[in-house]
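Summary of structural features
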Number of protein chains: 2
Amino acid sequence: MNGADVLCDVLLANGVNVCFANPGTSEMHFVAALDRKPQMRCVLGLFEGVVTGAADGYARMTDRPAATLLHTGPGLANGLANMHNARRARVPMINIVGDHASYHLPLDAPLTSDIEGLAAPMSNWVHRIAGPADIAPAAQAAFRASLTPPGVTTLILPADAAWGDASPLRSAKVVLAPTPAIDMDGVRKIAEAVRAAPGRVGMVLRGLAAREGALEIAGQISAASGARLFSEVLIARMQRGRGRVAPTRIPYPIDAARTLLDDVDVLILVGAKEPVAFFAYPGKPGRLVRDGCAVVTLAAHGEDLKAALAALRDELGIKPSQPVSVASAFPDEPTPRGRLTDDAVALSVARKLPENAIVCDEAVTSARRYFALSAFAAPHDYMMGTGGSIGGGIPMATGAAIACPGRKVVNLEADGSGMYTVQGLWTQAREKLDVVTIVFSNRNYAILHGEMRNVGVNAIGENARRMLDLDQPALDWVSLANGMGVEAARADTCERLDALLDSALSRPGPFLIEAVI
Amino acid sequence: MNGADVLCDVLLANGVNVCFANPGTSEMHFVAALDRKPQMRCVLGLFEGVVTGAADGYARMTDRPAATLLHTGPGLANGLANMHNARRARVPMINIVGDHASYHLPLDAPLTSDIEGLAAPMSNWVHRIAGPADIAPAAQAAFRASLTPPGVTTLILPADAAWGDASPLRSAKVVLAPTPAIDMDGVRKIAEAVRAAPGRVGMVLRGLAAREGALEIAGQISAASGARLFSEVLIARMQRGRGRVAPTRIPYPIDAARTLLDDVDVLILVGAKEPVAFFAYPGKPGRLVRDGCAVVTLAAHGEDLKAALAALRDELGIKPSQPVSVASAFPDEPTPRGRLTDDAVALSVARKLPENAIVCDEAVTSARRYFALSAFAAPHDYMMGTGGSIGGGIPMATGAAIACPGRKVVNLEADGSGMYTVQGLWTQAREKLDVVTIVFSNRNYAILHGEMRNVGVNAIGENARRMLDLDQPALDWVSLANGMGVEAARADTCERLDALLDSALSRPGPFLIEAVI
């Protein structure tokens, strides 16, 4: 057996049984090894941004790493933007980047590049495999690093390490370190701070603190103490919908976020970082809490967030039977008719969402209303791109569907963002995934028109228009989807959207709706 | 005026008047400044790989840098693969990467990343602008670095440098250092070596040595001395066709390349590097010349390659009137009929190519025959992806068409490679570019099937097949092109291809032909 076989064995022994891939020549021995392992599901992406974005979506839904297979520096480079999103989502991922045989590197052949240098900015852990004997320990270390705490790892696999002779492993399974114990001193101090500032406490929930059970406990703390619950502006994953506790999302605009947090004296972070402005603007602050607000960490990413919340609840003397406030019925609102608007799409999706669906929201400006409405929708998982790098949506939906067969994935997608990794639609067709993509076709980078106004430009000229608008020609999303084997249709009225959604949500396989707004 | 205005002024004063762009929020002041400069042509790409690949194509045809506008680390990351190709092509390019305001970086907002770290592997020069006062010198340094010698430069533009107050420049124009003088001692030594090894000399021509005039001189040296002329396997740009001296391309397969170079005692590099194997294979050598072959440099990239060739010619006592051997009439060959093959496409394109066309060849395995045939075609410029990173073709054709209005661009494109940056078709439609794209639709990564055989795997299984084949579903390139506003048609017979080519080559604007092979 060769090094590539050992790598496959270590991955499979640790439950890494999905490999999103776009291979090249230097990975042929690894491809041949994967070919000998039918228990590994290999999923081809026609561009590496699809590969890493799908691994992100897969990890968000399973809390386990998928492997990716990328070809040398440029192949890695193409996957970096969605690795950035995954790193910011703090999900596990094991990127395997093939490289030239080690002795070939000094010749500086055309595909040679500094792979470590490229990987480092978007990885939490990088390692170059030294040779066949290093493959097993390196793969085990990568698996461990991907989960303690969850993060993006990159393993560089030289071709001669893959093709070199290697011995089978006696024990490929990795035993992970236990989750760190709760810092009870810290919990007591935070409980004291909560008691000292009644009605002026906020709590930012993220990661595993945004799952149903943890949200319930946070909701009990909120109900009993008056603490308000928040989520970061970009949400890696939140369990959402009727019967669940629904934190308020901190808004993207600085002024609105500052207003929301203005009366918070103590902000408690649960798996979160202190919220900051997405971008700087002349004369505006970067921090979103006001000066004097105490920002304290109850538990950090990688710690047991749910147990920490439970400890805080107990410390505050709140009973596990404490009732919580949850959304129930949909707000009474007339069904929109006639010409389609972005808000009408959001309302229609929220109302029609099937139970246990997964919503990937990369609609940027267009689905802003959806998040508020989603509190009233059927229970579902909600995810966004987390690093601000667009092009995550279609791949993330693809990976989520691979992770969760039997659940419907709804991808709310902006036209500008969708074009970045449009190739992912082909993977959805190839794998027959249950993904309904709704493209908000507004034919411009709407967020940038807003940002031009933010920098004081109200009337834009020809050059700016040609950089911010996606018209001339308009994209035809139905043709694009059909070209990749995905059925699609266009809606420009609310009635047509409703009919298409009913049909798309009730049939298996991928479907794309171009919502002309 | 602000820093962004000064940056535009420096670019324009130095003839950089095309900006391929995909902006984001941190670049809004730069977009606003570009909006005040109608003399700057701003070209939107719907993905950054299109942006940098177009700048590569533009530079190859003009020998001047275009600017690119990229949004923070992830935007740069998306452009890196084609920056890698450009760096390997050694063309000038000025990438402008917007970043957060400098004081915002410590907050580690979601889009924060190590931009220098990302840029360095694919750039010859990287600089972060320190503040508004640094913009003019930094932009001038970037322009200088992009041309002496030609290479890829990356300028990081913090938002607060762009929006900060800056003074207008008295003199924005850069005076470039003169090209280094010819090393006559070196020329004499090489002449001596040529005389000492009659019939056993090879010469590798690249860069400016592969333009018509330099090729002519190399052809004179070849005709008089028996030296053989070669090009590297991946050609950044070569002037090619009837009446021009036609070097032999060093083949991609190691054995064929070694056989070709086996009787070369002296290999003279003219703007080239020593040829090496593209990849390493177990038991095969990495160098392509045999041991004992002397590899000498007549002139390096950035030096005056044509003058060096002329000096060598003179030193060898060869007259400027020395006749050369050039291809004239097309080889006699029957016109293919019936079912289309890749060779039939190559022959049809070579025969029908209009005078002064530009051919971008990213057809990988499918257009292998084209290069040999191109010696007999109408005079044209020929270019390939040079770094082995696929996804360069459609963007390169786009940039070449922007650079050379009035010339027809023919893009020979593989289906696997074309999907990487398929978004470039939209830019061709938006800019109404004269590009005819011919997609060789073989529905697999054919080169990788060959490479699997090279590593000894002759029968492939389900996992490998699913990573190497592009079928299930087949891509419909006509739909994809139409979806981006490019007219398109499909050919599966030679007759149909001929008719489509006649029509596409005689009409303005972009057209795509899906050649089903």
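Residues numbered from 1 in each chain as written. Chains lettered and ligands numbered in written order. Predicted model: local features only at pLDDT ≥ 70, side-chain atom pairs only at ≥ 80, totals over all residues. Heavy atoms only, no water.

Just so we agree on the cut-off: UniProt positions are given in the numbering used here, feature names are shortened, and annotations may be inferred rather than shown by experiment.
An unreviewed UniProt entry annotates chain A as Acetolactate synthase large subunit originating from Mesorhizobium australafricanum. Quoted straight from UniProt, the Sequence similarities (unreviewed entry) entry for chain A says "Belongs to the TPP enzyme family."

1. Side note on the UniProt feature "domain: Thiamine pyrophosphate enzyme TPP-binding" (unreviewed entry) in chain A
As a reminder of what qualifies: Under the scheme used here, helices are H or I runs from DSSP no shorter than 4 residues and strands are E runs no shorter than 2 residues, and both carry numbers assigned from the N terminus.
Taking the UniProt record as the reference, the feature "domain: Thiamine pyrophosphate enzyme TPP-binding" (unreviewed entry) is found at residues 375-514 of chain A. The straight-line gap between the two end C-alpha atoms of residues 375-514 of chain A is 25 Å; of that span, 43% is helix and 19% is strand.

2. Quick word on the sheet that holds strand β3 (residues 67-71) of chain B
Residues and elements named next belong to chain B. Cut-off, in case you're wondering: DSSP calls a pair of strands paired once it identifies at least 2 bridges connecting them. In this description, a line fitted to the C-alpha atoms serves as the axis of each element, helices being fitted only across the stretch in contact, and the angle between N-to-C directions of two axes falls anywhere from 0 to 180 degrees. Residues are treated as being in contact if the distance between any of their heavy atoms lies within 4.5 Å.
The strand order across the open sheet formed by 6 strands is β2-β1-β3-β4-β6-β5, and the pairing between neighbours is parallel. Whereas interior strands pair on both sides, the edge strands pair on one side only; in this sheet they are β2 (41-44) and β5 (125-128). Looking at each pair of strands side by side, their axes are set apart by 20° on average, direction ignored. Relative to strand β4 (residues 93-99), β3 is paired through 5 bridges, and the arrangement is parallel. Following the sheet pairing, L69 is matched in β4 by I96. Packing against the sheet, helix α1 (residues 3-13) makes contact with β3, β4 and β6 (152-158), and its axis sits at approximately 175° to β4. Packing against the sheet, helix α3 (residues 48-62) makes contact with β1 (18-21), β3 and β4, and its axis sits at approximately 165° to β3.

3. Focus on helix α6 (residues 135-147) of chain B
All names here are of chain B. Note the following rule: Each residue after the first adds 1.5 Å to the expected span of a helix. Think of it in three bands: residues with accessible area under 20% of the maximum for their type are buried, residues over 50% are exposed, and the middle band is partly exposed, with areas taken using a 1.4 Å probe on protein chains only.
The end-to-end C-alpha distance of α6 is 19 Å, a good match for the 18 Å that 13 residues give at a rise of 1.5 Å each. For α6, the tally of buried residues reaches 10 of 13 residues, placing the bulk of the element in the interior. Regarding α6, the residues found buried are I135, A136, A138, A139, Q140, A142, F143, A145, S146 and L147. The inward-facing, buried residues of α6 contact α1, β4, β5, β6 and α7 (159-163).

4. A few points about the layout of surface pockets
Filter applied, for reference: Every definition here rests on a 1 Å grid over the protein atoms only: cavities are sets of points where a 1.4 Å probe fits but cannot get out, pockets are open sets enclosed by protein on both sides within 12 Å along at least five of seven lines, and lining residues have some atom within 4 Å of a point. Grid points are joined across faces, edges and corners, and a volume is the space filled by probe spheres set on the points. Three classes are used, and their members are as follows: Ala, Val, Leu, Ile, Met, Phe, Trp, Tyr, Cys and Pro are nonpolar, Asp, Glu, Lys and Arg are charged, and the others, Gly among them, are polar.
Roughly 830 Å³ of internal volume is contained in the second largest pocket. V364, T365, G388, I390 and I447 of chain A are, among the 48 residues lining the second largest pocket, the residues nearest its centre. When residues of the lining of the second largest pocket are traced back to their parent elements, those giving at least two are β13 (357-362), α13 (368-374), α15 (415-420) and α17 (446-454) of chain A together with α4 (72-89) of chain B. Its residues assigned to classes, the lining of the second largest pocket comprises 25 nonpolar, 17 polar and 6 charged.

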